[in-house]
Amino acid sequence: MIDHMAIQVADVPASAAFYDRVLAPLGAQRTKEFGEFISFGTTGHTLWLVPATDDGPAREVHLAFAAPDRAAVDAFHAAAVEAGAESLHAPRLWPQYHESYYGAFVRDLDGNNVEAVCHTP
């Protein structure tokens, strides 16, 4: 349903370095640099990082990235914490969502709630 999305970040190069590390375990990578904009994806340009346009406080966005398996969720969380993210929730099952929902949540450099999730056992 979603072709692409853009989130505003305070420091595009710093955020891009963060997403380089945390999206790699999920099979995603930097796909394009267009001026100050940088995109990530697995087959296209799904996530764009763009410079913030004002000095006001950022509004939190929740981003959930699909992981191919639970090991990728674990690797995402480890890479994010190593890259300086705040761990919101370590990898675990979330049975209140459904019996196989395995996810981990971190806070990125701009305060966004970033998740990796696997829906299979």
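The structure we're discussing is the one just above.
Residues numbered from 1 in each chain as written. Predicted model: local features only at pLDDT ≥ 70, side-chain atom pairs only at ≥ 80, totals over all residues. Heavy atoms only, no water.

Trainee: Sorry if this is basic, but what is going on with the environment of Phe40 here?
Mentor: Looking at where Phe40 falls in the secondary structure, it is placed in strand 3 (residues 37-41). What makes Phe40 buried here is its relative accessible area of 1%. Here the alpha-carbon distance between Phe40 and Asp20, two residues 20 residues apart in the chain, equals 8.3 Å. Once residues lying within four places of it in the same chain are set aside, the contact partners of Phe40 are Ala16, Tyr19, Asp20, Leu23, Gln29, Arg30, Thr31, His45, Thr46, Leu47 and Leu49. (Helix = DSSP H or I, 4+ residues; strand = E, 2+ residues; numbered from the N terminus. Buried < 20%, exposed > 50% of the residue type's maximum accessible area, 1.4 Å probe, protein only. Contact = heavy atoms within 4.5 Å.)

Trainee: Even after reading the chapter, I still don't get the packing of helix 1 (residues 12-23) against helix 2 (residues 70-82), so can you show me in this structure?
Mentor: Relative to each other, helix 1 and helix 2 sit at 150 degrees, their axes nearing to 8 Å. Accordingly, the angle class assigned to the pair helix 1 and helix 2 is roughly antiparallel. Once helix 1 is placed against helix 2, the crossing between them reads as right-handed. Only Phe76, Ala79, Ala80 and Glu82 of helix 2 make contact with helix 1, whose side of the interface consists of Phe18, Arg21 and Val22. (Axes fitted to C-alpha atoms, helices over the stretch in contact; angles between N-to-C directions. Parallel < 35°, antiparallel > 145°, perpendicular 65-115°, else oblique. Left-handed = near helix turned anticlockwise from the far one by under 90°.)

Trainee: Explanation requested: the packing of aromatic side chains in the structure shown.
Mentor: The final tally for this structure, using the stated rule, is 5 aromatic pairs. Taking the centre distance of 5.1 Å and the plane angle of 90 degrees together, the rings of Phe18 and Tyr19 count as edge-to-face. Just as Phe18 is buried, Tyr19 falls in that class too. For the pair Trp94 and Tyr97, a centre-to-centre distance of 5.9 Å together with 20 degrees between the ring planes defines the contact as stacked. Judged by its relative accessible area of 5%, Trp94 is buried. Judged by relative accessible area, Tyr97 falls into the partly exposed class, the value being 46%. Through a chain of ring-to-ring contacts, three or more aromatic side chains come together here, namely Trp94, Tyr97, Tyr101 and Phe105. One Lys or Arg, Arg92, reaches over the ring of Trp94 and ends 3.4 Å from the middle of that ring. (Phe/Tyr/Trp six-rings, centres within 6.5 Å; stacked < 30°, edge-to-face > 60°. Lys NZ or Arg CZ within 6 Å of the ring centre and 35° of its normal.)

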